[in-house]
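# Fold and contact review
So the chains spell out like this:
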Amino acid sequence: MANGRPLNRPSKQSASSGLQSTPSSDGGSPLSPETKSTIAVALLTVFIGALDLTVIATILPRMIVDLEINSADVDRYIWIVNGYLLAYIVAIPIMGRVSDLIGRLGAFQIALGVFLVGSIWCAVATSLPVLIVGRAVQGAGGGALLPVTMALVADLLPRSRRSTGLGLVGAVDTLGWVLGPIWGAAVVGVLASQAEAWRWVFIVHVPLGLVAAVGLAYVGWRRLPRFERHQGSLDILGTLLLALSLLLLNLGLSSGGEVGGTTGTGLRALGGTTNPLAPYLVPLLLGGLLVGILFIWWERRTPHPVLPVELFRRRPFTAAVTANFIVGAALIVAMVDVPVLVALVVAEERVSTSSALLLAPFTLLMAVLSLLGGFAVARRGERATAGAGLTLVAIGYVAIWIGMGQEDSRFVAMLPGLVLSGAGFGLVIAPLGASVINAAPPANRGIAAALTLVFRLLGMTVGISVLTAIGVRRLQSLTSRLDPIIQAPNEGTAEFLARQQQFIEDHAIPLSVQVLRETFLTAALLALIALLPVWLMRDSTPPPATQPATDERRGARVQPSRMAARRP
């Protein structure tokens, strides 16, 4: 029974975004078995998608070797990461809106199917372009899992428990980040005797995804009420314009490492090749901006936009998504630069394990604090919690910058900064997510949850593109006074490789570490800048003592006399 109605007969008043409120609608009542089971299976899918986001960090060196990719062309193979992120971003608003139209459970099954196809594609890839396409397909499937779960939690839980529920989703997501590098290293380690063992990292996703799909079908469609669809349609043109704009902008940004450089100097002297898109940098950027302007024009006129304009008129929503963008740009620094640093200074056979161990404190604290952040929001509000988290991020990144300068004990000296910044990012997840979703009406809750992630991942994508280009250009500038490493006509291959390795040890590695250190200082500044949009937010979660949860949940209209009686 729920509010006096049988569970299998939902009323339209209680239905929200396709699911009826469950017995958990009463803030003091325990969650029903159906609600618990549905959320548990949904969280499993989030975990699988999160694993794949970071698993690439520890297996990328082996993939580069097996696919015969030039290790100096970092601005090319970084698209193994960037392709996933871009598809992830585009899929989020699409599936967020689809979940509003067809229901959360149907959207889950579509996302899982696409994700499994992408996993198989990556497992059989034989070249860099094919692998990038496979990662994009994976990202398109994985991108839908997290926002649909966030919207589902918002549907199933009352307002008084929503922040805590969103914190749990964030904790599971970041737990996947924690185990992603370790999972990749473990699979490759166990199957080390197999040729190209990294392919099994993608193969094992298939049975895990099938288990989640079957479990979700059984629990959701057999135990929960039927869906009530919201009116509307999918904005196909807007989606295509968004995807094209992001693709053009990121292609242009990531090829910017050639700006101001000369042929045969710096990083390219290590055997790298000129980015083939470098001559088209300006047309790519201008094209991306023009398509972006056209996208905004269209979104203001279409009746069912992929990015509803009315949401951006709400100050808490706009401020929170802006903060999410900046947080994403700062977050990608640690997720990318820490493995890069390990690859520079650690022997190849220990890169996977060392990267996983060094990132574990960072991501583990993110997982724990994202859960605790939900409780902090209920007590202190969104602004105070997010502000405290961003302050910790800035302090932690400065500490990492200091620790990276300790050459004899670099990894140990970095740990305090990784702990502080990881805890700070964890505190930020729940308050920003709660602020965005609470600012949206029920019919747009799915797309609001999607946009919470869109702007964070957009920040990550733009951040990784810009930072890669800046890093390439900066390293070329620092090493431009050195003679390029070119094999002489009569020089043997062994002698050339030895000379190249000596150049790397004497010049490239120290200068690369310097560039990475500078990047962490830039990220600390970004965290401080994010405090401004956080300050512009307002605390949308009422204190527990004054929250009119019961009347809101029951759809009752509170009379003025009752409201007056509640005022002190």
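Residues numbered from 1 in each chain as written. Predicted model: local features only at pLDDT ≥ 70, side-chain atom pairs only at ≥ 80, totals over all residues. Heavy atoms only, no water.

## Some words on the overall build of the protein
On a plain count of helices and strands, the protein comes out with 20 helices and two strands. Within the span of the protein, comprising 568 residues, buried residues form 56% of the whole. Long-range pairs, those at least 24 residues apart, make up 83% of the contacts in the protein with a sequence separation of at least 6. When the accessible surface of the protein is totalled, it reaches about 23700 Å², and 65% of it is carbon and sulfur. (Helix = DSSP H or I, 4+ residues; strand = E, 2+ residues; numbered from the N terminus. Buried < 20%, exposed > 50% of the residue type's maximum accessible area, 1.4 Å probe, protein only. Contact = heavy atoms within 4.5 Å. Areas by Shrake-Rupley, 256 points an atom, 1.4 Å probe, with all protein chains shown as cover.)

## A word on the nonpolar core
The biggest cluster of nonpolar side chains holds 136 residues, and the ones touching the most others in it are Y397, F425 and L432. With 16 residues, the top contributor of residues to this core is helix α12 (residues 315-345). Sequence-distant contacts of F425, that is, excluding residues within four places in its chain, are made with V327, A330, L331, F362, M366, V393 and Y397. (Core = buried A, V, L, I, M, F, W, Y, C linked by side-chain atoms within 4.5 Å.)

## Side note on a nonpolar patch on the surface
Together, V117, W121, V130 and V133 make up a nonpolar patch on the protein surface, roughly 300 Å² of accessible area in all. Secondary-structure elements contributing two or more residues to the nonpolar patch are α5 (104-123) and α6 (128-156). Along the polypeptide, V133 turns up in helix α6. (Patch = residues over 30% accessible without salt bridge, like charges linked within 9 Å, V, L, I, M, F, W, Y side chains within 5 Å. Salt bridge = Lys/Arg side-chain N within 4 Å of Asp/Glu carboxyl O.)

## What to know about the packing of α12 against helix α14 (residues 382-404)
With their axes 12 Å apart at the nearest point, α12 and α14 run at an angle of 25° to one another. Taken together, α12 and α14 sit at an angle that is classed as roughly parallel. Crossing angle aside, the handedness with which α12 passes α14 is left-handed. Residues V327, A330, L331, V333, A334 and L341 of α12 form the contact with α14, whose own contacting residues are L390, Y397 and M404. Partitioning the contact of α12 with α14 into residue classes produces nine nonpolar, no polar and no charged. (Axes fitted to C-alpha atoms, helices over the stretch in contact; angles between N-to-C directions. Parallel < 35°, antiparallel > 145°, perpendicular 65-115°, else oblique. Left-handed = near helix turned anticlockwise from the far one by under 90°. Nonpolar A, V, L, I, M, F, W, Y, C, P; charged D, E, K, R; others polar.)

## Description of α5
Spanning 20 residues, α5 covers 29 Å between terminal C-alpha atoms, matching the ideal 28 Å at 1.5 Å per step. Most of α5 sits out of view: 14 of its 20 residues are buried. (Expected span 1.5 Å × (residues − 1).)

## A closer look at the confidence of the model for the protein
With 75% of its residues at a pLDDT of at least 70, the protein reaches an overall mean of 75. Within the protein, the element-level pLDDT minimum falls on strand β1 (residues 15-16), averaging 35, and the maximum on α14, averaging 91. Per-residue pLDDT stays below 50 along residues 262-267; that stretch engages in 15 contacts with residues further than four places along the chain or on separate chains. Per-residue pLDDT stays below 50 along residues 543-568; that stretch engages in 16 contacts with residues further than four places along the chain or on separate chains. (pLDDT = per-residue confidence, 0-100.)

## Structural notes on the pattern of salt bridges
One pass over the structure, following the stated rule, counts two salt bridges. R135 is the salt-bridge partner of D52, the closest N and O atoms lying 2.8 Å from each other. One end of the pair, D52, is in helix α1 (residues 33-54); the other, R135, is in helix α6, with 83 residues separating them in the sequence. Classification of R135 by relative accessible area gives buried; the value is 0%. Where E196 meets R199, a salt bridge forms, and the shortest distance between an N and an O atom there is 2.5 Å.

## So, the packing of α5 against α6
Where α5 contacts α6, the two axes come as close as 8 Å, and the packing angle between them is 155°. Taken together, α5 and α6 sit at an angle that is classed as roughly antiparallel. The crossing of α5 and α6 is left-handed. Looking at the contact of α5 with α6 residue by residue, the class counts come to 19 nonpolar, seven polar and three charged.

## Things to note about the environment of S160
Mapped onto the elements of the fold, S160 is located in helix α7 (residues 159-190). Looking at S160, the relative accessible area reads 34%, which means it is partly exposed. Residues S160 and A378, 218 residues apart in the sequence, show an inter-C-alpha distance of 8.0 Å.

## Points about the environment of L392
Tracing the sequence through the fold places L392 in helix α14. Its relative accessible area of 26% is what places L392 among the partly exposed residues. On a C-alpha basis, the gap between L392 and L420 in space is 5.7 Å, while along the polypeptide they are 28 residues apart.

## Notes on the packing of aromatic side chains
By convention here, two paired aromatic rings are described through the distance between centres and the angle between planes. This model, assessed by the stated rule, comprises six aromatic pairs. Three or more aromatic residues link up through ring pairs in this structure, and these residues are F362, Y397, F425 and F520. (Phe/Tyr/Trp six-rings, centres within 6.5 Å; stacked < 30°, edge-to-face > 60°.)

## Considerations on α6
For α6, with 29 residues, the first-to-last C-alpha span of 42 Å sits near the 42 Å given by 1.5 Å per residue. α6 sits mainly inside the fold: 22 of its 29 residues count as buried.

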